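# Structure assessment
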Amino acid sequence: MAQIDDSHTTKHFYSDLAHRDALNEQQLILVTADDHKDFWRDQNEFEALLAETDAEGYLIYLTAKGYAYRLHQRDCSLACSHSEYYLNKAAFYAINGQDDVDMALTVKTKKPQVKN
Ligand SMILES: [Zn+2]
């Protein structure tokens, strides 16, 4: 989570943020189910707001996050004890956070798909 700051809407800023967020989400240690619910609700709100206010930044964020999640996937095991929320979100990033550099550099908005 971070504040959206218009003066820092660069590729670097959003890809750094995505990597930090991904690491935090992968190592998330929360005690109760409600904590997890709150965490992911905040995260989803952040992403929705970003998508609304800065489509290019959102695309960069999504792509970088997809990359970070794919990296983690190599070492992922039951020992991680990810929540159901994490696994759902990981599936979302797998579909929408494609490792496509050209895509990340265009201003064209990719409509997120939700697989259900
Ligand atoms: Zn894992």
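Residues numbered from 1 in each chain as written. Predicted model: local features only at pLDDT ≥ 70, side-chain atom pairs only at ≥ 80, totals over all residues.

## Describing the overall build of the protein chain
The secondary structure content of the protein chain amounts to five helices and zero strands. Helices and strands appear in the protein chain in the N-to-C order α-α-α-α-α. Sequence-distant contacts, at least 24 apart, represent 81% of the contacts inside the protein chain between residues at least 6 apart. (Helix = DSSP H or I, 4+ residues; strand = E, 2+ residues; numbered from the N terminus. Contact = placed C-beta atoms within 7 Å.)

## A short note on the packing of helix H3 (residues 55-75) against helix H4 (residues 84-96)
Packing of H3 against H4 brings their axes to within 8 Å, and their N-to-C directions diverge by 115 degrees. Here H3 and H4 pass one another in a crossing that is left-handed. On H4, the residues that touch Leu62, Lys65, Gly66 and Tyr69 of H3 are Ala90, Tyr93, Ala94 and Asn96. For the contact of H3 with H4, the residue count by class is five nonpolar, two polar and one charged. (Axes fitted to C-alpha atoms, helices over the stretch in contact; angles between N-to-C directions. Left-handed = near helix turned anticlockwise from the far one by under 90°. Nonpolar A, V, L, I, M, F, W, Y, C, P; charged D, E, K, R; others polar.)

## Remarks on the nonpolar core
One recurring pattern in soluble globular proteins is that nonpolar side chains are buried together. One finds Tyr14, Ala18, Tyr61, Ala64 and Ala68 to be the most contacted residues of the largest nonpolar core, which totals 17 residues. Those elements giving two or more residues to this core turn out to be helix H1 (11-26), H3 and H4. Sort the elements by how many residues they give to this core and H3 lands first, with nine residues. In contact with Ala68, other than residues within four places in its own chain, are Ala18, His19 and Ala22. (Core = buried A, V, L, I, M, F, W, Y, C linked by C-beta atoms within 7 Å. Buried ≥ 20, exposed ≤ 12 C-beta atoms within 10 Å, placed from the backbone.)

## Some thoughts on unusual backbone geometry
Where the residue is not glycine, phi is negative for most of them; where a peptide bond is considered, it is trans in most cases. In this structure, Ser81 is a non-glycine residue whose phi angle is positive, near 55 degrees. Within the secondary structure, Ser81 sits in the loop between H3 and H4.

## A look at the environment of Leu28
Looking at the secondary structure, you find Leu28 in the loop between H1 and helix H2 (33-53). Using a count of 17 C-beta atoms within 10 Å as the deciding quantity, one classes Leu28 as partly exposed. Note: C-alpha distance between Leu28 and Ser81 (53 residues apart in sequence) is 9.3 Å.

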